[in-house]
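Listed below, chain by chain, are the residues.
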Amino acid sequence: MADGSQRQQRSGAGRQAERLESIAGRFDGWTIFAALALACFGVVMVASSSVAIAEGHGFGPFHYLVRHVVFLGMGLALALFMMRTELRWIEGYAQLLPILAVVALLLVFLPGIGHEVNGARRWVNLGVSNFQVVEAVKIMLVIWMASYLKRYADAVQMTWAGMLKPLGLAMVMVGLLLLQPDFGSAMLLCAVVGGMLFFGGASIPRMVVPVMLAVPAIAILAVAESYRVRRLTSFMSPWEDPFRDGYQLTQALIAIGRGEWFGVGLGGSVQKLFYLPEAHTDFILAVIAEELGFAGVIAVIALFAVLAWRAMVIGLRAVEMRRLFSGFVAFGIGLMLSLQALVSIGVNLGLLPTKGLTLPLVSSGGSSVLMTCLALGLLLRVGYELDRAERQVARARRELAAEDPVVEAEAAVAARPQRGTAAGRRERIAPSLGEPA
């Protein structure tokens, strides 16, 4: 009799587990909307800004547009692949990623594999195209950092060693990037690692010491090369030498000034006609400002703000559910995309020195477009698994409450809004980052 009751309980538990496993999640609609809007906007602006440049280089007028659309299609395939990949599988290989990242950064220095453009060795030759390895390295670093912060949360918060290990890895990568040289990407990696340590609960006073040591080193590196000094001086006063060192920035500012509130009209830019260098890549925002005006720039900034907002919201919800790896992945992707967009926008507006960073999803590109799509697919996967877990927990609680009247009564009491709080307000749980139960 007792054996039969136990078998019945086990079969009931098995059926309940099967019912919960059958529940699917939903992808975050806001993230999909912002990503698709930026991608479509980028296609239009690449078409508008690259026709004259393509013809000037002896290609067909739509060479860069076709290339951009092809890479965007490949990026969509990568995003769909990541959206269907379980995060636990990705987490299982996370500890190998630092080795792969360092090896990838070393490949650019090998003859026959590394490809040099304008004195910089940042690409590897894949036969059909060149690939900028730092774009993949950024995602590898984010995934490894998320795994590390989950596994060593207490050490990161309490000890110097726990905090300095990821900083040491970042310094190795920064050193390799400076040898390429790629100062902009090196600083972006530092900012992403620092931001993820902050989200991981690292002590702010303890973080101040490495920052204080890094600032003089960055200043020395910035003035160690003559071209960086020229960029800094031209950034401070571009109009003093508008035909040499300050040429890019002055032409970008002219484009922005011509656009005024609503622009001169799509396709009507004059600066893209061989006046503004890199009009379809690094300085595409200046063309947007000229053709679509202040309104167009605000629309682009708003879409990136939506992406950053959704990444942080998804990350916080994941941490609240003790899904630490997922939460830190979302935080890292949000930091990576928003900081790169911020730097690119700042360069175009003359608020930051030229860094050579593209505007994610908008600028014409190959490796940048591919890896941005992959990162967004990973972010959507985090949101999907989080939504799936929330719905499974809700279903389990409803079934438990239906089977036990006492649990049902306790759930009803817990659901009532407490006195002195707004009805329906959910208490915010600070991301205390211990190991998940």
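Criteria and cut-off values
Residues numbered from 1 in each chain as written. Predicted model: local features only at pLDDT ≥ 70, side-chain atom pairs only at ≥ 80, totals over all residues. Heavy atoms only, no water. Helix = DSSP H or I, 4+ residues; strand = E, 2+ residues; numbered from the N terminus. Expected span 1.5 Å × (residues − 1). Buried < 20%, exposed > 50% of the residue type's maximum accessible area, 1.4 Å probe, protein only. Polar contact = N/O pair within 3.5 Å; in protein donor to acceptor, adjacent residues only side chain to side chain. Pairing = 2+ DSSP bridges. Axes fitted to C-alpha atoms, helices over the stretch in contact; angles between N-to-C directions. Contact = heavy atoms within 4.5 Å. Left-handed = near helix turned anticlockwise from the far one by under 90°. Nonpolar A, V, L, I, M, F, W, Y, C, P; charged D, E, K, R; others polar. Salt bridge = Lys/Arg side-chain N within 4 Å of Asp/Glu carboxyl O. Core = buried A, V, L, I, M, F, W, Y, C linked by side-chain atoms within 4.5 Å.

Details of helix α8 (residues 160–179)
Reasoning step 1: Along its 20 residues, α8 runs 28 Å from first to last C-alpha, staying within 8% of the 28 Å computed at 1.5 Å per residue.
Reasoning step 2: When α8 is considered as a whole, its buried residues turn out to be Gly 162, Met 163, Pro 166, Leu 169, Ala 170, Met 173, Val 174, Leu 176, Leu 177 and Leu 178.
Reasoning step 3: At the N-terminal end of α8, a side-chain oxygen is found 3.1 Å from the backbone nitrogen of Gly 162, two or three residues along, and the residue is Thr 159.

Some words on the sheet that holds strand β3 (residues 130–132)
Reasoning step 1: Spatially, the 3 strands line up as an open sheet ordered β1-β2-β3, and their pairing is antiparallel. The sheet terminates laterally at β1 (114–117) and β3, the two strands that pair on one side only. Between one strand axis and the next, the sheet turns through 50 degrees on average, direction left out of account.
Reasoning step 2: The pairing of β1 with strand β2 (residues 120–125) spans 4 bridges and is classified as antiparallel. The residue bridging Gly 114 from the neighbouring strand is Val 124, located in β2.
Reasoning step 3: Together, β2 and β3 form the strand contacts of helix α6 (residues 133–151), whose direction differs from that of β3 by roughly 40 degrees.

Concerning the packing of α6 against helix α14 (residues 324–348)
Reasoning step 1: Relative to each other, α6 and α14 sit at 145 degrees, their axes nearing to 8 Å. Relative to α14, α6 is oriented so that their crossing is right-handed. Residues Lys 138, Ile 139, Val 142, Ile 143, Ala 146, Ser 147, Leu 149 and Lys 150 of α6 lie in contact with α14, whose contacting residues are Leu 324, Phe 325, Phe 328, Val 329, Gly 332, Ile 333, Met 336 and Gln 340.
Reasoning step 2: A class-by-class count of the residues in the contact of α6 with α14 yields 11 nonpolar, 3 polar and 2 charged.

A short note on the pattern of salt bridges
Reasoning step 1: Enumeration according to the criterion identifies 12 salt bridges in this entry.
Reasoning step 2: Between Glu 91 and Lys 150 there is a salt bridge, with the nearest N and O atoms lying 2.9 Å from each other. With a gap of 59 residues between them, Glu 91 in helix α4 (residues 87–92) and Lys 150 in helix α6 connect regions that are remote in the sequence.
Reasoning step 3: A salt bridge links Glu 385 to Arg 323; its shortest N-O distance comes to 3.5 Å. Placement of Glu 385 in helix α15 (residues 367–403) and of Arg 323 in the loop between α13 (284–320) and α14 is noted, with a sequence separation of 62 residues between them.
Reasoning step 4: Residue classification places Glu 385 among the buried positions, given a relative accessible area of 4%.
Reasoning step 5: You can call Arg 323 partly exposed: its relative accessible area is 26%.
Reasoning step 6: A single salt-bridge network, built from bridges that share partners, covers Glu 86, Arg 88, Arg 323, Arg 381, Glu 385 and Arg 388.

Quick look at the nonpolar core
Reasoning step 1: With 104 residues, the main nonpolar core has Met 196, Leu 197 and Leu 359 as its most contacted residues.
Reasoning step 2: When neighbours within four sequence positions are excluded, Leu 359 is seen to be in contact with Ile 284, Leu 285, Val 300, Phe 304, Ala 341, Ser 344 and Ile 345.

Some thoughts on the side chain of Glu 135
Reasoning step 1: Within the secondary structure layout, Glu 135 lies in helix α6.
Reasoning step 2: Among all residues touching Glu 135, those that are not within four sequence positions of it are Ser 367, Ser 368 and Met 371.

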